[in-house]
Each structure stands twice: as structure tokens, then as C-alpha cells.
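Results of the structural survey
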Amino acid sequence: MALPLLPGNSFNRSLGKEKFHKSQHWGYCNKIAMLVGEDKPGIGGEPLRGQKLKPKYTVFPRGVGSDAPSWVAFDKQVLSFDAYFGEEVPEKNQELYRIRHCKIYFYLEDDTIQVVEPQVKNSGIPQGTIVRRHRIPLPPPNEDQFYTVDYFNINTEVIFYAQRYKIVDCDQFTKNFLRKLGVRLNPPAYHPEDPYTRARQKIADSMKPLRPYERFDTLRQFLEYDGHVLRFYCMWDDTESMFGDPRELILHYFLADDTIEIKEVIPVNSGRDAVPLFLNRKKLPKYAPAGLYQPGAITDRTVLNVFGGLVGNKGRYILDNRKTGTVHQEFYKDSDLTIGAVINVWGRRVKLCDCDEFTKEYYTTKYGIKDFTPVPFKAPPPPKIERKFPPYTGFGSEEDSLGSCMSLLPQPPQKDFKKFLEKDRKGLESNLLRFLAKFITDNPIDKDRQFIISYFLSDDTISVFETPQRNTGILGGKFLERSRIKKPGQELFKSEISEYFKAQDLFVGAKVCFNGHNFLLVDADEYAFNYMEKHADEFPMANISLILNKLKAIGEPSSREIKQIFAATDPEHTKVMEYNPFRNLMVNITGGKLSEHEIMTIGRYYSVQNEFEMDINFLLAVAQEQLKKNSFEYFGQLSATFVYNDREKCGLLPHEKCRTICKSFRLPLADDLLHALLTMFEDGKEQVDYKKFVNGLNWRENPVPTFQTIKVPIKYEDDWSGQPPSLPVKRIKYLPLIEDVFGTEE
């Protein structure tokens, strides 16, 4: 039973309906009323009663496929439909309409559509892209919406800008995609044929020539040998003619069309005009002894005049496919070109003397020729005149004086700037080799004087500094200014550049003479030893392989006695020997044939590394002091970077990875200190606990007491005073040395 309506109910209902429509269509944007609420859903996101939402893009069923956005999930995935449309032709009597076939591409990533018409030969219609790729609106009255994948199926029609397209079929990918969306595909539609194109094809098929023309099929040869050229080096002897001389030529044979091209090699100052080509590219004929043929005798085709030729009438003719009266002519082929052969180039006898590697490979593969002995055709080059320079006069440097003899306008001597950039000081790499030296003298005053010889790898200069000593009566300081030093025993005034000391001339045990002062190198700093061992190919005194081979050659005849001597030196069988007895033993075994540096290299290679536990608090105190001086406080960012690189989230990272991250933050710590700190926080598998490492460096939250930094003073490299290194070689494992040199005992 319906409830009675109050008198004002109908008014209220109409007012409410009006308010409903206003609330649906009108809204405020930037305090301006506009039509913005048409697609606004109700409470809970559900559509209101009577409201029909317009899809903006293709909506696929939820739960199917991945959750990635469409521009990622459907990247480079396109639906392809075969379609056609009809076009009227009102201005021609031969045809009333045309059927134009096309392809419709639907791009799934953004619902864009493209229509492309394939090119048809001699169609007379501009073809290609008919509709550029973009979103196409639906036909009126739904022009505010766009085409989605729901509007496409086989045997249906779509309208793009008032042009009706009939979809007749699609490819297999499109069929599979539409079936997965739940679309029931229609059977393929009839594919009509254009009547005018069919009529033109009938006319073309019925047109057959009365006499078939001669066919020259060279496409296969061109495709197979395009870009392949045989090269021969030739000689044309023209000495018999007046003012003639031998002419050097280069012959190119093009395998694509059997043509030949010849270039002339014109010597410098020969007095001849430089022409582009000696023979233009063409087929080179072989001439009979009778001589050249008359003009017109050699033709590709013979024309038979049937009738005509009268005034006012056009003559009728056909081609002679029987080749009546044809003159047979031979051309040079690749089989005629061999080293030592003579060819006739328009009356000039050209001899083939040599060829390049590609030509040799071609003839070996095709004809099995293996003998490519060249024929000598070039005159021997004139002897090179040796340039003699005047001797050095003593004014300026030798390089500068030599430069004045090389050119009319002398240039200053160029320095090796590339070497300077590579070997200049870079951070902790000083590229400076320093040696401790003493005078070679019997003078008791000069005997105890010590010098530091510094060799700069960037420019091969040497400086000598004398260490001051108390109560000697000799002031220390700079002994020799930094400069290049000539080797002794050379003539002063000569034409050649003098020989200077190089880095290879300096090693422990070497005797050098600097400007009349004889020095004996007795020691070197740790950086010099490490650098020379790192570049062992440049420094034979630090090359352990060369030293072991040298030791093997010296001690091979008495290897058993040498093993007995080593065993007698170690009566307790500790397999370890002190350095001084080891050094004396090596000197006695080799008879002084090994230098001190070579013995030191052996000792360093087979030394026993002292396993000592460094105080981690001391290392952290030194590191925090350096970080505090450089105002480094980016511990949060450093920790976040470690966590980001920890893909497994286990709190551990490899040693080298942690070192790379610290370098990227420009952590103001020396390499050896950083390496020692990372080693302290490693586990057994060289994995660093980066959380403890960062907490240990954080001088704000975890400061280390400063009194611990006074344990060992820090020695910088520039403060080396010539004393032995802090960790010298003390003990040597001699058993691995014996095994490497003389092998293991059977």
C-alpha cells in the first residue's frame, strides 16, 4: 500500500533532484564554479544511481597479470588488425571506387591507434601512414570518449574521423591477447579485391613482347662480390719511348662486375701531372693481333630495320636475338691475372708484379694457387745520408744546442709531459725513490757521512741531501741541487746527447759517481722497495723470477752441497734463518755475483711476516683524530650507503666493497690505516661488519680517549732520516727458497 504524499512532497522531490544534478555537475576549482563533478562517484567510490562512468583508458580485469602499470606491462606490445576502406573516384570513367587495404595498430601501453597503408607499386596515391599515432575519439555523439581495446574485434567496423574501416582479420598475437581478455572472436571476414588493380594486372599480364630481349643477369654476382676488390701492383716499362721511364701502377679488379681500374703512383718531384686515374673503371678487352676494332663493330645488341625510314613515317625495327654478324670479344677475367703475367692495356704492356693479402687468399681459395713470389720491379732506394751534427760547444744544454741544428727556427726542447703527468706525486703515491748512501773513500772524516739520494721519476732528476750529525764539524743540508746527472766517463764536446743516470742504475749495493763524488747505496726506504717490486719488469734487481733463475744457474752444479750448508746453519730444524747469516750464506754461495738489492729482494720475498695484534683502540684513536681535524661528520650517510649496498641485509660486506664506499665519501684516512681498520672488523671470510666499523669511527658518539694516541709516534714519509725501516726483514724461510730454486728432494 503506497503511502500518502504530503502536499509539498512533489516540490521537495523536484528540488532535491535539481540539487542532485547540480551536485553532480558543478563544483569549485580555485574558488571558481565549473562543471567538474560529472564523473565524481558517490560514498565509497560506488557510482550513483543513473550515473554512467566513462573509461579513460582500457581497463583490464583485476587479478589477471602483474600489478605493474600499463606502460611497463605492455611496453612494445601492439595489436595488429587487417582492414580496408572504400574510396569513391568521381573523376574517372575507368573506375568508380577503390578498395584500399591498410593495417590498424593498437598500442596497449597508452591506447593510441595508428593506421598504415602498405605501399603499392604504381598506385598513383600517396600511401604510408594515413592516421598518425594518437588516441582517437569515438564517433558522435560519444566524441568525449576514446577508443579502447573493447571496440576491436574481427568482422566489425570502426569509424576514425568519419572514415569507416572494416576489420577483416588480425595476427596470432592479437587473437591470443583478445581471447585472454574474454573476447569471443568473430570468424574472418571477406577480403575484397580492388577492381581497378585487378584490371590493370590483367592488362600487364597480357602484354608480352613479340621478340624476347637478351637478358643479362648480373644481380647474383653483384650481391655476392659487392665490395670485393683484387689489388695488383704493376709496372709499365716505357723506357723505349722518348723521355720514357718505368711507371709504377696499381690495378684494381672489381669482382662485382669484372671491371678494371688502374691508378698511377707518381713519385715526388717526378715532373708529371697528377691525374685521377690511369684507366677509368671499365671492362678491359683482349685485343687480337689484327689490332683494334672499328667503331660500331662492338655493340651489345643488333638492330634489324624491318621497314620505314621514309620522310614523315616512323621506322619499325626489332632486336636481333640471333646475334647475326656479332663480333665476339673477350675481356680480362680474374683467371687471367696472375703474378708475372703481362696484360695489354690499350696497347701498353703492363706486368703484374705483386698483390695484397686479400688477393692471395682469394686465389688460394678459388684456384688453389699457393706460390705468390713477387717480381722485383722497384729500384733499390738510395742510401740514406747520415746527418752529422756539429759537436756540443758548451753553451746551454745539449738538447737546446741540438735543436738549433734541426730547424732553421730553433724550438725549445720539449719535455716529456705525459711522463710528468703519470709519474708526478698523486696523494700517497710520491713516485720518489730514496736511497741511503755513503762516500767511497778512505778518509776517516768522510767515511761516516750519510747522504739521502732522491730520484724523481717524473723528470729523471736527482737530488742529494746530507743528514746532519753532531760533533763532526760538517754542516749537513743540501749537497747537490735537483737536476739530471750525467754518467761519468763520457766525452764532453760531442755530437750525440750524453747519457744520464736512470732509475734502473740506482739500487742497494750500486756504486755511482755524481759529479766526481763516488757513492755507495747501502739502503732504501720502504716505498722504493715496494715500487721496484711492483714494477719488476723495469727493475731487474727487484724481479724475483730473474733473480731465482740467476741463482739456479749459479748453484745448480752444487745444489746438494748448498742444501747441506743450509741444513748445517739450522741445527735445531726451525726452517727459519736470521737475515744476517742468510745474507752471508748467499754471498758465499754465489761468490758475490748477487748484489745487495737482489739478496734483499729474496729476503723480502721469503721473509716471515710478524703476526702481531695491533691495538684497535689506538687505530680508532688515530682515525678519529684525523676525522676530527678534517671536520668529517657524515656518519649517517656513510651507514645508509653501507645498508643500501648490503642486498642480503646480513650486516656484512666484502673488504674491497667497503673500501670503495669509503673512497667515494673521501674519507680523510691514509690507505694503510683504512686497510688496517677494515681488517680489524673482518670475519674469517673477509667480510666486514660495517655497523661496528662506522660506530668505531664516529667520534661524536663514541670518542676514544686521546691518551692512547701517544703510544707510537706517527712517521711520515717525508721525514725519513735514512734509518733502517721500522719493520726490517728479520727472519727468512729458506725451505721454500730451496724448493723454488732446486726443486723438492725425491
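Preceding this section is the structure that the text describes.
The paragraphs below set out a description of the structure included in this document. (Residues numbered from 1 in each chain as written. Predicted model: local features only at pLDDT ≥ 70, side-chain atom pairs only at ≥ 80, totals over all residues. Heavy atoms only, no water.)

**Regarding the overall build of the chain**
The criterion, for reference: Starting at the N terminus, helices and strands are each numbered in turn, a helix being any DSSP run of H or I of at least four residues and a strand any DSSP run of E of at least two. A simple rule labels every residue: compare its accessible area, found with a 1.4 Å probe on the protein chains alone, to the largest value its type can have, and call it buried under 20%, exposed over 50%, or partly exposed in between. Per-residue and other accessible areas follow the Shrake-Rupley method at a 1.4 Å probe size, with only the shown protein chains counted as cover for residues.
A tally of regular secondary structure across the chain gives 20 helices and 26 strands. The buried share among the 746 residues of the chain stands at 31%. In the form shown here, the chain has an accessible surface area of approximately 51,100 Å², with 54% of it arising from carbon and sulfur atoms.

**Thoughts on the sheet that holds strand 18 (residues 450–456)**
So the rule is basically this: Pairing between strands requires that DSSP locate at least two bridges from one strand to the other. Only C-alpha atoms enter the line fits that serve as axes; for helices the fit covers just the stretch in contact. Angles between N-to-C directions range over 0 to 180 degrees.
The six strands lie next to each other as 20-19-18-17-22-21, forming an open sheet whose pairing is antiparallel. Only two strands of the sheet have a single neighbouring strand rather than two, namely strand 20 (477–483) and strand 21 (511–514). Across the sheet, the axes of successive neighbouring strands diverge by a mean angle of 30°, strand direction being ignored. Relative to strand 19 (residues 461–466), strand 18 runs antiparallel, the two being bridged by six bridges.

**As for the pattern of salt bridges**
Applicable threshold: Put simply, a salt bridge is a Lys or Arg side-chain nitrogen that is within 4 Å of an Asp or Glu carboxyl oxygen.
The tally for this structure, following the rule as stated, stands at 35 salt bridges. Between Glu-264 and Arg-247 there is a salt bridge, with its nearest N and O atoms 2.6 Å apart. Here Arg-247 lies in strand 10 (residues 246–254) and Glu-264 lies in strand 11 (residues 259–265), a separation of 17 residues in the sequence. This pair shows no difference in class: Glu-264 is buried, exactly as Arg-247 is. Among the ionic contacts, a cluster of salt bridges with common partners joins Glu-87, Arg-100 and Glu-117.

**Quick look at the pairing of strand 15 (residues 342–345)**
Only one face of strand 15 is covered, namely the one carrying Ile-343 and Val-345; the face carrying Val-342 and Asn-344 has none of its residues buried. Relative to strand 16 (residues 348–355), strand 15 runs antiparallel, the two sharing four bridges. Residue pairing for strand 16: Ile-343 is matched across the bridge by Val-350. Counting the residues in the hairpin turn of strand 15 and strand 16 gives two residues, including Trp-346, whose phi is positive at 50°.

**Remarks on the packing of aromatic side chains**
Two aromatic rings are characterised by how far apart their centres lie and by the angle between their planes. The cut-off we apply is this: Only centres within 6.5 Å qualify two rings of Phe, Tyr or Trp (six-membered ring in Trp) as a pair; their planes then separate them into stacked at under 30 degrees, edge-to-face at over 60, and tilted for everything else.
The tally for this structure, following the rule as stated, stands at 32 aromatic pairs. Taking the centre distance of 5.2 Å and the plane angle of 70° together, the rings of Phe-85 and Tyr-165 count as edge-to-face. One end of the pair, Phe-85, is in strand 3 (residues 78–88); the other, Tyr-165, is in strand 8 (residues 163–170), and 80 residues separate them in sequence. Assigned by exposure class, Phe-85 and Tyr-165 land together as buried. Both rings, one in Phe-451 and one in Phe-479, keep their centres 5.0 Å apart while their planes meet at 65°; by these two values the pair is edge-to-face.

**Describing the pairing of strand 7 (residues 156–160)**
Pairing of strand 7 with strand 8 involves five bridges; the strand directions are antiparallel. Bridging from a neighbouring strand, Val-158 pairs with Tyr-165 of strand 8. A loop of two residues connects strand 7 with strand 8, the two strands running antiparallel in sequence, and Tyr-161 in this loop sits at a positive phi of about 55°.

**Focus: the nonpolar core**
The criterion, for reference: Nonpolar cores are built from buried Ala, Val, Leu, Ile, Met, Phe, Trp, Tyr and Cys residues. Side-chain atoms within 4.5 Å join them into one set. Residue contacts are counted whenever heavy atoms from the two residues lie within 4.5 Å of one another.
In this structure, Leu-433, Phe-514, Phe-519, Phe-566, Phe-582 and Ile-602 are the most contacted members of the largest nonpolar core, which totals 52 residues. The contacts of Phe-514, once residues within four sequence positions are left out, are Ile-453, Ile-462, Val-464, Leu-480, Ile-485, Phe-501, Leu-506 and Phe-519. Counting residues in each nonpolar core, the second largest holds 30 residues, with Ala-621, Phe-635, Leu-638 and Leu-674 among its members.

**Notes on the sheet that holds strand 9 (residues 229–237)**
If you trace the six strands from one edge of the open sheet to the other, you get 12-11-10-9-16-15, paired in antiparallel fashion. The strands lining the two open edges of the sheet, one partner per strand, are strand 12 (279–282) and strand 15. Strand-to-strand, the axes of this sheet are offset by a mean angle of 35°, without reference to chain direction. The strands touched by helix 6 (residues 357–367) within the sheet are strand 9 and strand 16, with strand 9 carrying the most contacts at an inclination of about 110°.

**Considering a nonpolar patch on the surface**
The cut-off we apply is this: For patch building, the residue pool is restricted to those with more than 30% relative accessible area and no salt bridge; the joining distance is 9 Å between like charges and 5 Å between nonpolar side chains (Val, Leu, Ile, Met, Phe, Trp, Tyr).
A cluster of nonpolar side chains, contributed by Leu-219, Phe-222 and Leu-223, occupies part of the molecular surface with about 320 Å² of accessible area. Here Leu-219 lies in helix 5 (residues 219–225). Accessibility expressed as a relative area gives 52% for Leu-219, which makes it exposed.

**With respect to empty space enclosed by the protein**
Rules: Grid spacing is 1 Å over the protein atoms alone, the probe is 1.4 Å, and a cavity is where that probe fits but cannot get out, while a pocket is an open set with protein on both sides within 12 Å along at least five of seven lines and lining residues have an atom within 4 Å of a point. Grid points are joined across faces, edges and corners, and a volume is the space filled by probe spheres set on the points. The residue classification treats Ala, Val, Leu, Ile, Met, Phe, Trp, Tyr, Cys and Pro as nonpolar and Asp, Glu, Lys and Arg as charged. All others, Gly included, are polar.
With the rule as written, the count across this model stands at two cavities of 30 Å³ or more. Empty space within the largest cavity amounts to approximately 70 Å³. Lining the largest cavity, in full, are Leu-551, Ile-562, Phe-566, Met-586, Ile-589, Leu-737, Ile-738, Val-741 and Phe-742. Those elements that place two or more of their residues in the lining of the largest cavity are helix 12 (559–569), helix 13 (579–590) and helix 20 (734–742). With four residues, the single largest contributor to the lining of the largest cavity is helix 20. Each residue belonging to the lining of the largest cavity can be placed in one class, and the counts come to nine nonpolar, no polar and no charged. In this structure, the second largest cavity encloses a volume near 30 Å³.

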